[in-house]
Amino acid sequence: MTRQELWTLAGETVLVEWKARNKNVYLRLRDDNTLNVTAPRRASRAFIREFVLSHLDMVAKWRAERQKRPQLQDYRYVSGERFRLWGVQHELQVIEQEERHNRHVRIDGGKLILEIEPVSDVSERRKMIQDFFCQEFEQAVCEELPICERITQRQAGKIVYRSMKSRWGSCNVKTGRICLNLRLVHYPRQALHYILIHELTHLWEGNHGSRFHALMDRFCPDWRQIRSELHK
Ligand SMILES: [Zn+2]
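Scoring rules and cut-offs
- Residues numbered from 1 in each chain as written.
- Predicted model: local features only at pLDDT ≥ 70, side-chain atom pairs only at ≥ 80, totals over all residues.
- Heavy atoms only, no water.
- Pairing = 2+ DSSP bridges.
- Helix = DSSP H or I, 4+ residues; strand = E, 2+ residues; numbered from the N terminus.
- Axes fitted to C-alpha atoms, helices over the stretch in contact; angles between N-to-C directions.
- Contact = heavy atoms within 4.5 Å.
- Donors = N, O, S within 2.8 Å, 3.2 Å for Na, K, Ca; no water.
- Buried < 20%, exposed > 50% of the residue type's maximum accessible area, 1.4 Å probe, protein only.
- Phe/Tyr/Trp six-rings, centres within 6.5 Å; stacked < 30°, edge-to-face > 60°.
- Lys NZ or Arg CZ within 6 Å of the ring centre and 35° of its normal.

**A look at the sheet that holds strand S6 (residues 88-96)**
- What the four strands build is an open sheet, ordered S5-S6-S8-S7; its pairing is mixed. Only two strands of the sheet have a single neighbouring strand rather than two, namely strand S5 (82-85) and strand S7 (104-108). Within this sheet the neighbouring strands show an average axis-to-axis angle of 35°, counted without direction.
- Each of S5, S6, S7 and strand S8 (111-116) touches helix H3 (residues 122-152); the most contacted strand, S8, lies at about 130° to it.

Written out as structure tokens, the structure reads:
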């Protein structure tokens, strides 16, 4: 059971959620730039309030970090813009060529190369780049999934991809269907590894209790550190 309240605190909008399963208080910055706190059911308002106030400098750091990571819709898709693939920045180089059937995206010499007709507009260029990231992601999942299945001794059902606002992945424990956030393609590859392990571990244990954490410690010893990178 989750109880929710929406607070305004030091000029911040904060969604506070008390969850029966939570052992600790967590603070994160949501995509809409508001804050989200999840806390154990017995945590007092005063305690949560202090927790948020004492982490505001951290929030400022997260925002600064996020500023450096524009969303795909913020780009104009011209040479010199920088895109992150598996945690590494790549400068975009647009090479103009006349034939539509020669359209092409590739990584070359550390650069992200987009070959496209000069008359193409932003939405066409965005589509090319998005499709490229999608293919990269699918290929990485194909490589990573068997590794993670071997580690966890569990088998995924259908794998689906989606660009999601608030979660990195989810798992239907009945069907084994795993949904992955496409935005993982911008983070270091180990983040994808960690999320796959996390979702597969749900096929042992549906909730995030102590048994789940013990399994995660065994399957992916660095998971806490990787998770903290993802929550920036
Ligand atoms: Zn989970």
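**Remarks on the sheet that holds strand S1 (residues 2-9)**
- Pairing within the open sheet is mixed, and its four strands lie in the order S1-S2-S4-S3. At either end of the open sheet lies a strand with only one pairing partner, and these are S1 and strand S3 (26-29). Strand-to-strand twist in this sheet, taken as the mean axis angle between neighbours without regard to direction, amounts to 20°.
- Contacting S1, strand S2 (12-19), S3 and strand S4 (35-40), helix H1 (residues 45-54) crosses the sheet at an angle of about 50° to S1.

**Focus on the coordination of the zinc ion**
- Protein ligation of the zinc ion involves His198 (NE2), His202 (NE2) and His208 (NE2), the donor distances falling in the range 2.0 to 2.1 Å.
- Taken in sequence order, the residues that donate to the zinc ion follow the motif H-x3-H-x5-H.
- Since its relative accessible area comes to 14%, His198 is described here as buried.
- For His202, a relative accessible area of 8% gives the class buried.

**Quick word on the packing of aromatic side chains**
- Tallied over the entire structure, the rule returns nine aromatic pairs.
- On the basis of an interplanar angle of 40° and a centroid distance of 6.4 Å, the ring pair of Phe83 and Phe133 is categorised as tilted. Taken together, the residues Phe83 in strand S5 and Phe133 in helix H3 connect sequence positions 50 residues apart. Take Phe83 and Phe133: they sit in the same class, and that class is buried.
- Ring plane angle 15° and centroid distance 6.5 Å describe the contact between Tyr194 and Trp223, whose orientation is recorded as stacked. In this pair, Tyr194 is assigned in helix H4 (residues 189-201) and Trp223 in helix H6 (residues 223-230), connecting sequence segments 29 residues apart. The same class applies to Tyr194 and to Trp223, which are both buried.
- Among the aromatic residues, those joined into a cluster by ring pairs are Tyr75, Tyr77, Phe83, Phe132 and Phe133.
- Residue placement shows Arg189 over the ring face of Trp86; its charged tip is 5.6 Å from the ring centre.

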